[in-house]
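So the chains spell out like this:
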Amino acid sequence: MSTPTLAVWKFASCDGCQLTLLDCEDELLTIAGQVQIATFLEASSDIVAGPYDVSLVEGSITTAADERRIREIREQSKVLVTIGACATAGGVQALRNFADIDEFASVVYAKPEYIDTLATSTPASAHVKVDFQLQGCPIDRGQLLDTLTALLVGRKPRLPAKTVCTECKLRGVTCVVVAEGIPCLGPVTHAGCGALCPSYHRGCYGCFGPAATPNSAALTPVLRRDGMSEDDVDRVFSTFNVFRFAAERNDR
Amino acid sequence: MNPEIRTLFVGALTRVEGEGALHVTLTDGAVERVELNIYEPPRFFEAFLRGRAYTEPPDITSRVCGICPVAYQISASNAIEDACGATIPPELMALRRLLYCGEWIHSHALHIFLLHTPDFLGYPDAISLANDRPDLIERGLAIKKTGNRLMEQIGGRAIHPINLRLGGFYSVPHAHDLAPLAEMLRRSLDDALDTLRSVAEFDFPDAEFDHEFLSLADSGRYPIENGTINRSGGPSFGVAEFSDHVVEAQVQHSTALHATLDGQRYLTGPLARYSLNSAALSPIAREAAEASGLGPVCRNPFRSILVRAVEVVYAIEESLRIITEYERPAKPFVDVPARAGIGHGVSEAPRGLLYHRYEIGGDGLVRAATIVPPTAQNQAAIEHEMAELVAANLTLDDVSLTSLCEKSIRNHDPCISCSAHFLTLTIDRK
């Protein structure tokens, strides 16, 4: 069997999710021995043409050129995996989807007429078929390694559709809501981080995006009870996964 | 006779963070145009920060950059704490400095080993280099891992840490939590000193540039998490005067806002920081710098790899010092009540000075936000260096000359993801 090829692609993003691959310090050279890293601009000057066995896609689609590029990448890739909140949900830059893009451009740029951008920031899945998606802002290193391993040995990646709340209970962390009345999005947020924020005495702020069936109607009164205003609630759902939380919220 | 035109073009720069291209035009052997093009799409942070709660910018702006999120979190916190008139106790600032050291160690190790070293040894990437020099790359990855573990311990995770907040932290570690970290740091100090000895043997082109340097200064300490603004060509100035001196202008021929310091190109980042603060290094770092051949000032950007290695030595030593002196603060944070006002914040990101400014309303919402990242400030200097290098090496063929331009850009570890969110992206394709 020939060595599988891996390509890493970037769209509008912060580079953090592809950096997660380089952050696998103990495993990086082992991975590089198992796959041919065919395209990974951040890491290598060698660029190998497609097709590719696996493409990891970071970032959201915000320009017409990128709309075309994601389709070309799909055609060249047997398996396409989106990595992170930008690629799976449009990222924090999807706040533009609820605003006037021309006004946004005029705030940041002296000559906004030079700006070539779409009015929306959308996930890859709005444009092409996505085989697997890793949620999170940023993704979890363990999930990335498990997904690459799964694809190498030909099993399905383990991406359980639990909530942060479930992970928190499994980990035995004292519930910050029950014990201290700290507002927490754990009950509606997708698992993957290992309940990181509650373990640091902070309420979850939803950076992994909505869980499979987020019941925000049940959670919102608790958030309000614990001191958040209606605007605070809207803001906490309007960050790195704003586009997906907006579609899933059932409390409005 | 038609003029002889040579064009050098790289459509996608590699081993840099973010998406950029370079474009050089030579007419009759004279450099006509040198551009570092940014085609990374903008994300409009300064626009959507308006209307956010004053507590949110540290978490939101960390998403500008996955490689230096702590820099964004701390410059944002410094600015908002300034606006609200809050003073952070020294023991909590020390913990922020410790977290920031983790980011310096990880980010510099990433650049030294995975992005920059392949240029000096003639490899396309660190992975192919690791086949021939596993000792070098494994040592680099071990140092990088120490930086990441430090960020995980203090910040919760290495990319977009979750533990920093206005006024301090959500939780602070017990002294005994830091003991295993100190052990890793001690091993990495030896690795970092070995690294400096290894990179000192690289072959460095002779190239010195006369940019003015801009860096923070921190009352005798090497500047990291705060400070006042120092420069090589004039008197230092306060953080609130930043925009009186540094002006960003949109340049039509380029894709970027070019920042100037009192109207001139300038450089921020490791070379500037080192040259203005080398006397403030710890004894071990200073001796190691001297042994590697660095003087008190370094103007050769190819030798920035040495400066980064010295800064890794310093950041590791500084981390060990903070851990040794650490006593768990009684409270993880001080309250920072909202108040109407304007605040300025700076810190030394691995790539240079990062400035934030916020205007907060009486309702606790952000009225206006300005962010000036290091790569935007260095854009003019990077293009100037490329132009000089091309002019001095016209006898090289196009492939070699293009490669020289790419290396010249990589010397500055540009973070295009950072800069692009504040830059235009039109590309002159004529």
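Provided above is the structure to which this section pertains.
Residues numbered from 1 in each chain as written. Chains lettered and ligands numbered in written order. Predicted model: local features only at pLDDT ≥ 70, side-chain atom pairs only at ≥ 80, totals over all residues. Heavy atoms only, no water.

Colleague: Could you clarify how one ought to interpret the overall build of chain A in this entry?
Modeller: Regarding its fold elements, chain A presents 12 helices and five strands. Computed over its C-alpha atoms, the radius of gyration of chain A comes to 19 Å, within 12% of the 18 Å expected for a compact globule of 252 residues. Based on the C-alpha atoms only, the size of chain A along its principal axes is roughly 55 × 50 × 25 Å. Within chain A, the fraction of its 252 residues that count as buried is 57%. Summarising the internal contacts of chain A: among those between residues at least 6 apart in sequence, 73% fall at separations of at least 24. For chain A, the distance from the average site of its 23 positive side-chain charges to the average site of its 30 negative ones is 5 Å. (Helix = DSSP H or I, 4+ residues; strand = E, 2+ residues; numbered from the N terminus. Rg over C-alpha atoms; globule rule 2.2 N^0.38 Å. Buried < 20%, exposed > 50% of the residue type's maximum accessible area, 1.4 Å probe, protein only. Contact = heavy atoms within 4.5 Å. Lys, Arg positive; Asp, Glu negative; His and termini not counted. Charge placed at Lys NZ, Arg CZ, Asp CG, Glu CD.)

Colleague: Help me out: how do you make sense of the sheet that holds strand 6 (residues 212-217) of chain B in this one?
Modeller: The strands that make up a sheet pair up through hydrogen bonds in the backbone, lying either parallel or antiparallel. Residues and elements named next belong to chain B. Here we have three strands laid out as an open sheet, ordered 7-6-10, and mixed in their pairing. Both outer strands of the open sheet, strand 7 (228-231) and strand 10 (266-267), are each paired with one neighbouring strand and no more. Pairing analysis gives two bridges linking strand 6 to strand 10, with the strands arranged parallel. Note that in strand 10 the partner of glutamate 212 across the bridge is tyrosine 266. Relative to strand 6, helix 9 (residues 270-277) is tilted by about 70 degrees, and along the sheet it contacts strand 6, strand 7 and strand 10. (Pairing = 2+ DSSP bridges. Axes fitted to C-alpha atoms, helices over the stretch in contact; angles between N-to-C directions.)

Colleague: Could you clarify how one ought to interpret unusual backbone geometry in this entry?
Modeller: Negative phi values dominate among residues other than glycine, just as trans dominates among peptide bonds. Each neighbour pair has its own omega, and for Gly50(A) with Pro51(A) the value is 0 degrees, a cis peptide bond. If you trace the backbone, Pro51(A) turns up in the loop between strand 2 (36-40) and strand 3 (52-58). In this model, Phe44(B) sits at a positive phi of 65 degrees, which is unusual for a non-glycine residue. On the secondary structure map, Phe44(B) appears in the loop between strand 3 (30-38) and helix 1 (45-48).

Colleague: So what exactly am I meant to see when it comes to the packing of helix 9 of chain B against helix 11 (residues 304-325) of chain B here?
Modeller: All names here are of chain B. Here helix 9 crosses helix 11 at 65 degrees, and the two axes come no closer than 9 Å. Judged by the twist between their axes, the crossing of helix 9 over helix 11 is left-handed. Contacts between helix 9 and helix 11 involve Pro270, Leu271, Arg273 and Tyr274 from the first element and Ser304, Val307, Arg308, Val310 and Glu311 from the second. The residue makeup of the contact of helix 9 with helix 11, split by class, is five nonpolar, one polar and three charged. (Left-handed = near helix turned anticlockwise from the far one by under 90°. Nonpolar A, V, L, I, M, F, W, Y, C, P; charged D, E, K, R; others polar.)

Colleague: Just checking my understanding: could you explain the state of the cysteines for this structure?
Modeller: Structurally, a disulfide amounts to a covalent bond that connects the sulfur atoms of two cysteines. Within this structure, the stated rule accounts for zero disulfides over all chains. Cysteine Cys207(A) remains unbridged, with the sulfur of Cys137(A) as its closest cysteine sulfur at 6.1 Å. (Disulfide = S-S within 2.5 Å.)

Colleague: Looking at this structure, how should I read the interface of chain A and chain B?
Modeller: Frequently, the measure chosen for interface size is the accessible area that the parts lose on association. Facing 61 residues of chain A, the contacting portion of chain B comprises 68 residues. For the pair chain A and chain B, the number of links is seven salt bridges. The closest approach of N and O atoms between Arg235(A) and Glu56(B), which form a salt bridge, is 3.9 Å. Here chain A and chain B share 27 residue pairs in polar contact (both at pLDDT 80 or more) between them. Secondary structure elements with two or more residues in the side of chain A that touches chain B: helix 1 (16-22), helix 2 (28-34), helix 3 (64-76), helix 5 (101-108) and helix 9 (196-199) of chain A. (Salt bridge = Lys/Arg side-chain N within 4 Å of Asp/Glu carboxyl O. Polar contact = N/O pair within 3.5 Å; in protein donor to acceptor, adjacent residues only side chain to side chain.)

Colleague: Is there a simple way to explain the environment of Val79(A) in this structure?
Modeller: Within the fold, Val79(A) resides in strand 4 (residues 77-83). Taking the C-alpha atoms as reference points, Val79(A) and Gly203(A), separated by 124 residues in sequence, lie 35 Å from one another.

Colleague: What is the right way to read the packing of aromatic side chains from this model?
Modeller: Given two aromatic rings, their pairing is described by the distance between the two centres and the angle made by the two planes. All names here are of chain B. For the coordinates displayed, the defined rule picks out 11 aromatic pairs over all chains. Aromatic side chains tyrosine 222 and tyrosine 314 sit 5.2 Å apart centroid to centroid with 50 degrees between the ring planes, which places their arrangement in the tilted category. One end of the pair, tyrosine 222, is in the loop between strand 6 and strand 7; the other, tyrosine 314, is in helix 11, with 92 residues separating them in the sequence. Look at phenylalanine 242 and tyrosine 355: their rings are 4.1 Å apart centre to centre, the planes differ by 15 degrees, and that puts the pair in the stacked class. (Phe/Tyr/Trp six-rings, centres within 6.5 Å; stacked < 30°, edge-to-face > 60°.)

Colleague: Any chance you could explain the packing of helix 10 (residues 283-291) of chain B against helix 11 of chain B here in plain terms?
Modeller: Between two packed helices, both the angle of their axes relative to each other and the distance between the axes serve to describe the pair. Residue and element names in this part refer to chain B. Two numbers describe how helix 10 lies on helix 11: the axes approach to 9 Å, and their chain directions differ by 165 degrees. Relative to helix 11, the element helix 10 is oriented roughly antiparallel. When you trace helix 10 past helix 11, the crossing you get is right-handed. Across the interface between the two elements, Ile284, Ala285 and Ala289 of helix 10 pack against Val310, Val313, Tyr314 and Glu317 of helix 11. (Parallel < 35°, antiparallel > 145°, perpendicular 65-115°, else oblique.)

Colleague: What should I look at first to understand helix 10 (residues 216-225) of chain A in this one?
Modeller: Note: α-helices contain 3.6 residues per turn, so residues at a spacing of three or four share the same orientation. Residue and element names in this part refer to chain A. Within the sequence span of helix 10, burial applies to Ser216, Leu219, Thr220 and Leu223. The arc enclosing the buried residues of helix 10, seen along the axis, measures out at 105 degrees, which places them on a common side. On its buried side, helix 10 packs onto helix 11 (230-236). Trailing helix 10 by a residue or two, glycine 227 shows a phi angle of about 110 degrees, which is positive. (Arc of directions from axis to C-beta.)

Colleague: Teacher, can you tell me more about the pattern of salt bridges here?
Modeller: Between side chains of opposite charge, pairing is possible as soon as their charged atoms come close. The full count for this structure, using the stated rule, is 44 salt bridges over all chains. For Asp232(A), the salt bridge is made with Arg235(A), and the minimal N-O distance between the two is 2.9 Å. Within this pair, Asp232(A) and its partner Arg235(A) are both found in helix 11, separated by three residues, close to a single helical turn. We classify Asp232(A) as partly exposed; its relative accessible area is 25%. Note on Arg235(A): relative accessible area 14%, which makes it buried. Among the charged side chains, a salt-bridge network with shared partners connects Arg97(B), Asp218(B), Arg221(B), Glu225(B), Glu318(B), Arg321(B) and Glu325(B).

Colleague: What is the right way to look at helix 3 of chain A in this model?
Modeller: Residue and element names in this part refer to chain A. Along its 13 residues, helix 3 runs 19 Å from first to last C-alpha, staying within 8% of the 18 Å computed at 1.5 Å per residue. Considered for burial, the residues of helix 3 that qualify are Asp66, Ile70, Ile73 and Arg74. What you see down the axis of helix 3 is that its buried residues fit within an arc of 100 degrees, all on one side. Opposite the buried face of helix 3, at more than 90 degrees from it, the exposed residues are Arg68 and Glu75. Those residues of helix 3 that are buried are in contact with strand 1 (5-10), strand 3 and strand 4. (Expected span 1.5 Å × (residues − 1).)

Colleague: Please clarify how the nonpolar core should be interpreted in this entry.
Modeller: Within soluble globular proteins, side chains that are nonpolar generally end up buried alongside one another. Grouped together as the largest cluster of nonpolar side chains are 165 residues, with contacts concentrated most on Leu21(A), Leu56(A), Phe44(B), Tyr274(B) and Tyr358(B). In terms of residue count, helix 4 (residues 90-121) of chain B provides more of this core than any other element does, 16 residues in total. If we skip the residues at most four places from it in the chain, Leu21(A) touches Leu6(A), Val8(A), Leu28(A), Ile31(A), Phe40(A), Leu56(A), Leu144(A) and Leu148(A). Counting 18 residues, the second-largest nonpolar core is a separate cluster that includes Leu185(A), Val188(A), Met228(A) and Val233(A). (Core = buried A, V, L, I, M, F, W, Y, C linked by side-chain atoms within 4.5 Å.)

Colleague: Explain the pairing of strand 2 (residues 20-27) of chain B here, please?
Modeller: Side-chain positions along a regular strand alternate between the two faces of the sheet. Residues and elements named next belong to chain B. Among the eight residues of strand 2, eight are classified as buried, and the element is accordingly described as predominantly covered. Residues Gly20, Leu22, Val24 and Leu26 of strand 2 are buried on one face, and the alternating residues Ala21, His23, Thr25 and Thr27, pointing to the opposite face, are buried as well. Here strand 2 pairs with strand 3 via eight bridges, running antiparallel. Across the sheet, alanine 21 pairs through a bridge with asparagine 37, a residue of strand 3.

Colleague: Help me understand the sheet that holds strand 11 (residues 341-349) of chain B in this model?
Modeller: Residue and element names in this part refer to chain B. Spatial ordering of the open sheet is given by 11-12-13, a layout of three strands whose pairing is antiparallel. Looking at which strands have only one partner, the edges of the open sheet turn out to be strand 11 and strand 13 (366-372). Here the average twist between neighbouring strands, direction ignored, is 15 degrees. Examined bridge by bridge, strand 11 and strand 12 (residues 352-360) share nine bridges and lie antiparallel to one another.

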